[in-house]
Amino acid sequence: MLLKKRIFLIVFLVTVIFSFSSDYTFKMGLGDYFLITGYNGSDNYISGQYTENDEFFIRSDGSFKDYDFLNSGDTIKLRFSDDITEDSTVLFFDHYAENNEMNLDYMLDIINGAQKFVYVSCYDIDNKGIINALVNASSRGIDVKVVVEASNRNNYTDFKFPKSGIKVIYDMNSALMHDKFIIVDGYCIMTGSTNFTENGLKKNSNNTLIIFSNVIAQYYMDEFSEQFYDLNFGKKFTQNTGISTVKLKTGDFDVYFTPEDDFRSEIVDLIDNAVSNINVMIFTFTDQEIADALIRAENRGVKVRTIMETYQASSQWSVYNSIKNEFDVVLDKNPDTFHYKTMIIDNEIIITGSFNFTNAAQEKNDENALVIHSSKIAESYNNEFEKLYKNYTENKK
């Protein structure tokens, strides 16, 4: 029901062209957008705004805000109405799960509803639905830009995208460009563990968060700009994000990008302050510092349970052998890939994103991650954890 409501709301829009001096007030709900052509108000700034080609564009995230600014002598008053009941939704993908197609359709509806721009930063992309949605968006005049890990270039990124007017940048980093996010119109972000591939969206165990927030979108737009325009990847860019908590209706969100932000220390600190339980779902786990923090938590009475990807657990660098006898560790049984990078702490705090628990994720790769304080979102993740945990423990060979 929530998904259908959001899809319905985003069809509303406002387009404005000014031809004489006056005062204007516009009320905007979720998905409404405001466009000025011939824009010259360069001192104005609103999170999530688009100001290219002498245009000013902003799309409402459905939260209450007031903005006043000048353009060519006109006083513009934008009034964002508080008309969204929940500003984030988590989607879970699993091996040919029934909800995979519905989840992908929701993502495609948001891309297809773009009015001005779609920016993608991803480790890999080959899902036909997303490819076609981006190509179709570009064909109707939407500004589509893509950043991709160089080792995963393919016929879509080399040929189909450029032929369709989509500019593609490959990373300039010997380490991985491992980000996984899509920004639509500066009002919506899609991010999580999911690569935008056939495997990622149909076979692998993954999660994607859909977040409506101009402020959070701006954090991701700034990161995208560093990559696409400045060609700053990995250690080439060392200034941290300047993290501040973004308060949404569904919870409080902190945004991190590595290697510039010290996300590993944040994870360890959250584990060290846990008081009741920690549930972990992880693809690659080689960071002993995080492993030691989980052992400390278990030893002081916190219930720690972990689902690890089976193949990755067998690697020589995995912490599996050092933790398997310290707390409850279960190996996944997805015939493809268990791809989560998630931790749920005290039924309240969620860690998720592209960040595997590895030294490379902190020190070398381009990664994006979130820390979310929300009992409601934590409940969704815990429900998925319990479902998978039960499946993997009841079906041991």
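What counts as what
- Residues numbered from 1 in each chain as written.
- Predicted model: local features only at pLDDT ≥ 70, side-chain atom pairs only at ≥ 80, totals over all residues.
- Heavy atoms only, no water.
- Core = buried A, V, L, I, M, F, W, Y, C linked by side-chain atoms within 4.5 Å.
- Buried < 20%, exposed > 50% of the residue type's maximum accessible area, 1.4 Å probe, protein only.
- Contact = heavy atoms within 4.5 Å.
- Helix = DSSP H or I, 4+ residues; strand = E, 2+ residues; numbered from the N terminus.
- Expected span 1.5 Å × (residues − 1).
- Polar contact = N/O pair within 3.5 Å; in protein donor to acceptor, adjacent residues only side chain to side chain.
- Axes fitted to C-alpha atoms, helices over the stretch in contact; angles between N-to-C directions.
- Parallel < 35°, antiparallel > 145°, perpendicular 65-115°, else oblique.
- Left-handed = near helix turned anticlockwise from the far one by under 90°.
- Nonpolar A, V, L, I, M, F, W, Y, C, P; charged D, E, K, R; others polar.
- Pairing = 2+ DSSP bridges.
- 1 Å grid on protein atoms, 1.4 Å probe; cavity = no way out; pocket = protein on both sides within 12 Å on 5 of 7 lines; lining within 4 Å.
- Points joined across faces, edges and corners; volume = space filled by probe spheres on them.
- Salt bridge = Lys/Arg side-chain N within 4 Å of Asp/Glu carboxyl O.

Participant: Help me out: how do you make sense of the nonpolar core in this one?
Facilitator: Nonpolar side chains tend toward joint burial in soluble globular proteins. Residues Ile183, Ile216, Tyr220, Met281 and Tyr381 are the most contacted members of the largest nonpolar core, which totals 45 residues. Those residues in contact with tyrosine 220 that sit more than four places away from it in its chain are Phe181, Ile183, Ile189, Thr191, Val255, Phe257, Asn368, Ala369 and Leu370. Within the second largest apolar cluster, 38 residues are counted, among which are Phe93, Phe161, Val168 and Phe196.

Participant: Could you clarify how one ought to interpret helix α8 (residues 288-299) in this entry?
Facilitator: For an α-helix the count is 3.6 residues per turn, leaving residues at separations of three or four pointing the same way. Spanning twelve residues, α8 covers 16 Å between terminal C-alpha atoms, matching the ideal 16 Å at 1.5 Å per step. When α8 is considered as a whole, its buried residues turn out to be Ile290, Ala291, Ala293, Leu294, Ile295 and Ala297. At its buried positions, α8 is contacted by α7 (263-272), β15 (277-282), β16 (303-308), α10 (320-323) and β18 (341-345). At the N-terminal boundary of α8, the capping side chain belongs to aspartate 287, with an oxygen 2.9 Å from the backbone nitrogen of glutamate 289. Directly beyond the C-terminal end of α8, a positive phi value near 105 degrees is found at glycine 301.

Participant: Honestly, the environment of glutamine 362 in this entry has me stumped. Any pointers?
Facilitator: Along the chain, the position of glutamine 362 falls in helix α11 (residues 359-363). Glutamine 362 sits 26 residues away from aspartate 336 along the chain, and the two C-alpha atoms are 26 Å apart. Ignoring any residue separated from it by four or fewer positions in sequence, one finds glutamine 362 in contact with Thr258, Pro259, Asp261, Asp262, Phe263, Arg264 and Phe355.

Participant: Help me understand the packing of helix α3 (residues 128-139) against helix α4 (residues 155-163), please; the structure alone is not making it clear to me.
Facilitator: When two helices pack together, their arrangement is given by the angle between the helix axes and the distance between those axes. Two elements in contact, α3 and α4, have axes whose closest approach is 11 Å; the angle formed by their N-to-C orientations is 30 degrees. Classified by the interaxial angle, the pair formed by α3 and α4 is roughly parallel. Crossing angle aside, the handedness with which α3 passes α4 is right-handed. Contact residues: α3 offers Lys128, Ile131, Asn132, Leu134 and Val135, while α4 offers Tyr156, Lys160 and Phe161. Residue classes in the contact of α3 with α4 are distributed as five nonpolar, one polar and two charged.

Participant: Sorry, what's going on with the pairing of strand β4 (residues 65-71) here?
Facilitator: One face of the sheet, then the other: side chains in a regular strand alternate in exactly this way. Residue alternation in β4 divides its side chains into a buried set, Lys65, Tyr67, Phe69 and Asn71, and an unburied set, Asp66, Asp68 and Leu70. Pairing of β4 with strand β5 (residues 74-80), which is carried by seven bridges, proceeds in the antiparallel orientation. Paired with aspartate 68 across the two strands is lysine 77, which belongs to β5. Connecting the antiparallel pair β4 and β5 is a turn made up of two residues, with serine 72 showing a positive phi of about 55 degrees.

Participant: What exactly am I supposed to notice about the sheet that holds strand β12 (residues 206-212) here?
Facilitator: Hydrogen bonding along the main chain pairs the strands of a sheet, whether they run parallel or antiparallel. Taken in spatial order, the seven strands of this open sheet run β6-β12-β11-β10-β7-β8-β9, and their pairing is mixed. Edge positions in the sheet fall to β6 (88-93) and β9 (167-170), since each has one partner strand and no second. Sheet twist, expressed as the average angle between the axes of neighbouring strands with direction ignored, equals 15 degrees. Strands in contact with helix α12 (residues 375-394) are β6 and β12; relative to β6, the strand with the most contacts, it is inclined by about 10 degrees.

Participant: What is the right way to read the layout of surface pockets from this model?
Facilitator: A probe matching the size of a water molecule, rolled over the atoms, marks out where space remains unfilled. Considering only enclosed or pocket space, the largest pocket measures out at about 350 Å³ in volume. Around the largest pocket, the lining is made up of 21 residues, and of these Tyr123, His178, Asn195, Phe283 and His339 lie nearest the centre. Put simply, the parts of the chain that give the lining of the largest pocket at least two residues each are α5 (198-202) and α11. Class assignment of the residues belonging to the lining of the largest pocket gives a composition of five nonpolar, twelve polar and four charged.

Participant: Just to check I follow, could you spell out the environment of aspartate 32 for this structure?
Facilitator: Mapped onto the elements, aspartate 32 comes out in the loop between β1 (23-28) and β2 (33-37). For aspartate 32, a relative accessible area of 11% translates into the label buried. For aspartate 32 and threonine 191, which are 159 residues apart along the polypeptide, the C-alpha to C-alpha distance reads 22 Å. Within the local environment of aspartate 32, its side chain forms a polar contact with the backbone nitrogen of glycine 29, the two atoms lying 2.7 Å apart.

Participant: Is there a simple way to explain the pattern of salt bridges in this structure?
Facilitator: Any two side chains of opposite charge can pair if their charged atoms end up close together. In total, this model carries 17 salt bridges according to the counting rule given. Two residues, lysine 116 and glutamate 55, come together in a salt bridge whose shortest N-O distance is 2.6 Å. Linking lysine 116 in the loop between α2 (100-112) and β7 (117-122) with glutamate 55 in strand β3 (residues 55-59), this pair joins segments that are 61 residues apart in sequence. The residues lysine 116 and glutamate 55 share a single accessibility class, namely buried. Note that arginine 264 is salt-bridged to glutamate 289, the shortest N-O span being 3.7 Å. Of this pair, arginine 264 sits in helix α7 while glutamate 289 sits in helix α8, and the two are 25 residues apart along the sequence. For arginine 264, a relative accessible area of 11% puts it in the buried group. A relative accessible area of 40% places glutamate 289 in the partly exposed class. Sharing partners across several salt bridges, the network here consists of Arg264, Asp287, Glu289 and Glu363.

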